[in-house]
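As a plain string of letters, each chain reads:
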Amino acid sequence: MTHYTLTCLVCQREFPDTYTLSCPFGCEGLVRTKYAARQMTLRDEKGIFKYRDWLPVSGSLLTDAEPICYKSHGLAAFLGLSDLWLVFSGYWPEIGAYAVSGSFKEFEAYPTIQRLLERRHGVIQISSAGNTGRAFAEVSARTGQAVIIIVPESARDRIFTTVQADHIMLITIAGDYADAIHLGNRMCTLPGVFPEGGAKNVARRDGMGTTMLAGTFAMGTLPDWYLQAVGSGTGGIAAYEASLRLIADGRFGNKMPRLLLFQNEPFVPMVRAWHDRRRTIRDADMPDGNDAIKKVYSDVLTNRTPPYAICGGVYDTLMATDGRMESVTSEDARRAGELFFKSEGIDLDPAAAVCVAGLVKAVQKDIIRPDEKILVSITGGGYSRIERLLPRFVKEPDLQVTKMTPFEEISAQILGWVEKYV
Ligand SMILES: *Cc1c(COP(=O)(O)O)cnc(C)c1O
Ligand SMILES: [Zn+2]
């Protein structure tokens, strides 16, 4: 027996995990892990696998990477907040943060790959605008797990690792993130190729949920607010699910944290839909999408098809947490990044800067009170230290395609490569 099962949020049925990404009875909705351990026992080890009680894996991979939470002094003083906590995901050795790919995507990649190793044999496929691809590349390099990464041509220099990577097939496509996703979906029809699954993958959600776990363990109690910048909103869903478990644990209070999630103007589809309390995102929520995506400060926040309406998705999560969504401008995000560097001493991923700008705005607009317990998810940062302190192996593309390249041509190459692994 393993220490967890899966349940469908639509039909409530329970089933074992075979790297299952959706309900085997055909429901349209997220599946969620159900862990035998009601109380979390932290393992005496470094890295996110210390939270293994609530991760869908039995074994662990060797890593020092985990979210690190501390109470803010600099930024808190500047904003006049008495109980501000920052949970940092990225590379910042001075505080013990060793996510060498620089973002919380690494906390998704480790359990996802471990879960695949335990449940299926095959190659995993990732479409990414950068951070996810780099995180999976790093974990591939450290484990030997084969991955196929598809990125828009413009993001090719974002795929690098700190150790030599020999089991990555990197494909660039002349197009945008949506084109990379489209090609990736077709590739996953090939035998032996598994999708990483995005929000549907419980390993990704529970891996990301470790930010809430790390925060709550550091604070001793659940926060009043959890703040994060979102593109897909998966991190928000994950924070909510982790909070459900922390409440059931019994040691951290029983008040569900309110989620306060941010997007970067002018690409803010979830903010628009939520402000109308609509379950579905319309095309009109993304006017001039292509143009809007070019204007944002953080392009990892520009997901056109987030898991918003799906059962158990962002809409349901905001309903369940009495949540809010706000938008911030690129100029405010840029300035918030500078403020954070001055007040806390680390450079931020642009998405994390969007979150800090959101915090500033929420304080100014009296959305949060100065004495509330606030947990801010700093989802990425420390790139200047990564550049200065770590080796860098830049992955050269193995295949460069366009939207015109016949799929048969691509799949022939992929199949030949996949054969080595399955
Ligand atoms: C992907 C990403 C986000 C947004 O994540 P969600 O999946 O929307 O929760 C935020 N910050 C960084 C640094 C990211 O890489
Ligand atoms: Zn079902």
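Scroll up to find the structure.
First, a word on what this report is: a plain description of the structure on this page. (Residues numbered from 1 in each chain as written. Chains lettered and ligands numbered in written order. Predicted model: local features only at pLDDT ≥ 70, side-chain atom pairs only at ≥ 80, totals over all residues. Heavy atoms only, no water.)

## Details of the overall build of the protein chain
Threshold: Runs of H or I in DSSP of at least four residues are treated as helices and runs of E of at least two as strands, each being numbered from the N terminus. Here the globule rule is a power law, 2.2 Å times the number of residues to the power 0.38, and the radius of gyration is based on C-alpha atoms. Note on contacts: a residue pair is in contact if any heavy atoms of the two residues lie within 4.5 Å. Values of accessible area rely on a 1.4 Å probe in the Shrake-Rupley scheme; residue burial ignores everything except the protein chains shown. All tallies of charge rest on Lys and Arg as positive and Asp and Glu as negative; His and the ends of each chain are not included. Think of each charge as sitting on NZ of Lys, CZ of Arg, CG of Asp or CD of Glu.
Broken down by element type, the protein chain carries 14 helices and 18 strands. For 422 residues, the compact-globule formula gives about 22 Å, and the C-alpha radius of gyration of the protein chain, at 20 Å, lands near that figure. Referenced to the eigenvectors of the C-alpha coordinate spread, the extents of the protein chain come out at roughly 60 × 50 × 45 Å. A separation of at least 24 residues holds for 70% of the contacts in the protein chain among residues at least 6 apart in sequence. Approximately 16300 Å² of the protein chain is accessible, and the part contributed by carbon and sulfur atoms is 50%. One finds the centroid of the 47 positive side-chain charges in the protein chain at a distance of 3 Å from the centroid of its 49 negative side-chain charges.

## Section: the site of ligand 1
Just so we agree on the cut-off: Nearness of a residue to a molecule or strand requires only that one of the residue's heavy atoms be within 4 Å of it. In protein, a polar contact requires one atom able to donate a hydrogen and another able to accept it; more generally it is a pair of N or O atoms within 3.5 Å, and residues adjacent in sequence count only if both atoms are side-chain atoms. Residues are said to line a cavity or pocket when one of their atoms sits within 4 Å of a point; the points come from a 1 Å grid over protein atoms alone, cavities being sets where a 1.4 Å probe fits but cannot get out and pockets being open sets with protein on both sides within 12 Å along at least five of seven lines. Molecule-in-pocket calls rest on the fraction of atoms, with more than half required to lie within 2 Å of the cavity or pocket grid points.
Taken together, 19 residues lie near ligand 1, and Lys-105, Gly-231, Ser-232, Gly-235 and Thr-379 sit nearest. In this structure, Gly-231 approaches ligand 1 through a main-chain N or O atom, which is 2.7 Å from an oxygen atom. The separation between an oxygen atom of ligand 1 and a polar side-chain atom of Ser-232 is 2.6 Å. A molecule is said to occupy a pocket when more than half its atoms come within 2 Å of that pocket's grid points, and by this definition ligand 1 occupies the largest pocket. Going through the elements one at a time, strand 13 (225–229) and helix 7 (234–249) are the ones with two or more residues in the shell around ligand 1.

## A look at the side chain of Ser-140
Going by this rule: Note on classification: 1.4 Å probe, protein chains only; a residue is buried when its accessible area is under 20% of the maximum for its type, exposed when over 50%, partly exposed between these limits.
Residue position: Ser-140 is located in helix 3 (residues 131–143). Taking the relative accessible area as the measure of exposure, Ser-140 reaches 1% and is therefore buried. In this structure, Ser-140 is in contact with Ile-113, Gln-145, Val-147, His-167 and Ile-168, ignoring residues within four places of it in sequence.

## Quick look at the pairing of strand 16 (residues 374–378)
This is how it is decided: Pairing between strands is defined by DSSP: at least two bridges between them are needed.
Strand 16 sits mainly inside the fold: five of its five residues count as buried. Of the two faces of strand 16, the one holding Ile-374, Val-376 and Ile-378 and the one holding Leu-375 and Ser-377 are both buried throughout. By the bridge criterion, five bridges tie strand 5 (residues 84–88) to strand 16 in an arrangement that is parallel. Its bridge partner being in strand 16, Val-87 is matched across the sheet by Ser-377. When strand 13 meets strand 16, the two strands line up parallel, connected through three bridges. Pairing of Trp-225 across the sheet is with Ile-374, part of strand 16.

## Focus on the sheet that holds strand 4 (residues 68–71)
Filter applied, for reference: Here an axis means a line fitted to C-alpha atoms, over the contact stretch when the element is a helix, while the angle between two N-to-C directions is reported on a 0 to 180 degree scale.
What the six strands build is an open sheet, ordered 4-5-16-13-14-15; its pairing is mixed. Each having just a single partner strand, strand 4 and strand 15 (324–328) make up the two edges of the open sheet. When strand polarity is set aside, the average angle formed by the axes of neighbouring strands in this sheet is 20 degrees. Where strand 4 meets strand 5, four bridges bridge the pair, whose relative direction is antiparallel. Paired with Tyr-70 across the strands is Leu-86, a residue of strand 5. Helix 7 contacts strand 13 and strand 14 (258–264) of the sheet and is inclined by roughly 160 degrees relative to strand 13. Relative to the sheet, helix 11 (residues 330–344) contacts strand 4, strand 5, strand 14, strand 15 and strand 16, its axis offset from that of strand 5 by approximately 95 degrees.

## Things to note about the packing of helix 2 (residues 105–119) against helix 3
The condition that has to hold: Any angle that is under 35 degrees is reported as roughly parallel, and any over 145 degrees as roughly antiparallel; angles of 65 to 115 degrees are reported as roughly perpendicular and all others as oblique. Less than a right angle of anticlockwise turn of the near helix away from the far helix marks a crossing as left-handed, whereas a clockwise turn marks it as right-handed. Note that Gly is not counted as nonpolar here; it falls among the polar residues with everything else outside the nonpolar set of Ala, Val, Leu, Ile, Met, Phe, Trp, Tyr, Cys and Pro and the charged set of Asp, Glu, Lys and Arg.
It is the contact of helix 2 with helix 3, at a shortest axis distance of 8 Å, that shows an interaxial angle of 45 degrees. Classed by the angle they form, the pair helix 2 and helix 3 counts as oblique. Remark: the crossing between helix 2 and helix 3 carries right-handed chirality. Between helix 2, through Lys-105, Glu-106, Ala-109, Tyr-110, Thr-112 and Ile-113, and helix 3, the contact on the second element is made entirely by Asn-131, Thr-132, Ala-135, Phe-136, Val-139, Ser-140, Arg-142 and Thr-143. Considering only residue class, the contact of helix 2 with helix 3 consists of six nonpolar, five polar and three charged.

## Describing unusual backbone geometry
Both trends apply: most residues other than glycine have a negative phi, and most peptide bonds are in trans. Residues Glu-265 and Pro-266 are joined by a peptide bond in cis, for which omega reads 5 degrees. Mapped onto the elements, Pro-266 comes out in the loop between strand 14 and helix 8 (269–275). Within the chain, Arg-277 stands out as a residue other than glycine whose phi angle is a positive 55 degrees. Within the element layout of this structure, Arg-277 appears in the loop between helix 8 and helix 9 (289–295). Note on Arg-277: relative accessible area 46%, which makes it partly exposed. Phi is positive for Asp-322, close to 50 degrees, though the residue is something other than glycine. On the secondary structure map, Asp-322 appears in the loop between helix 10 (314–321) and strand 15. Under the relative-accessibility criterion, Asp-322 is labelled partly exposed at 49%.

## Quick word on empty space enclosed by the protein
Which entries qualify depends on this criterion: Grid points are joined across faces, edges and corners, and a volume is the space filled by probe spheres set on the points.
For the structure shown, the criterion picks out one cavity of 30 Å³ or more. Its boundaries defined by the atoms lining it, the largest cavity holds a volume of some 50 Å³. Every residue along the wall of the largest cavity is listed here: Trp-54, Arg-205, Asp-206, Gly-209, Leu-213, Ala-238, Glu-241, Ala-242 and Arg-245. For the lining of the largest cavity, the elements supplying multiple residues, two or more each, are helix 5 (202–208) and helix 7. Counting residues per element, the lining of the largest cavity draws most heavily on helix 7, which supplies four residues. In terms of residue class, the lining of the largest cavity is made up of four nonpolar, one polar and four charged.

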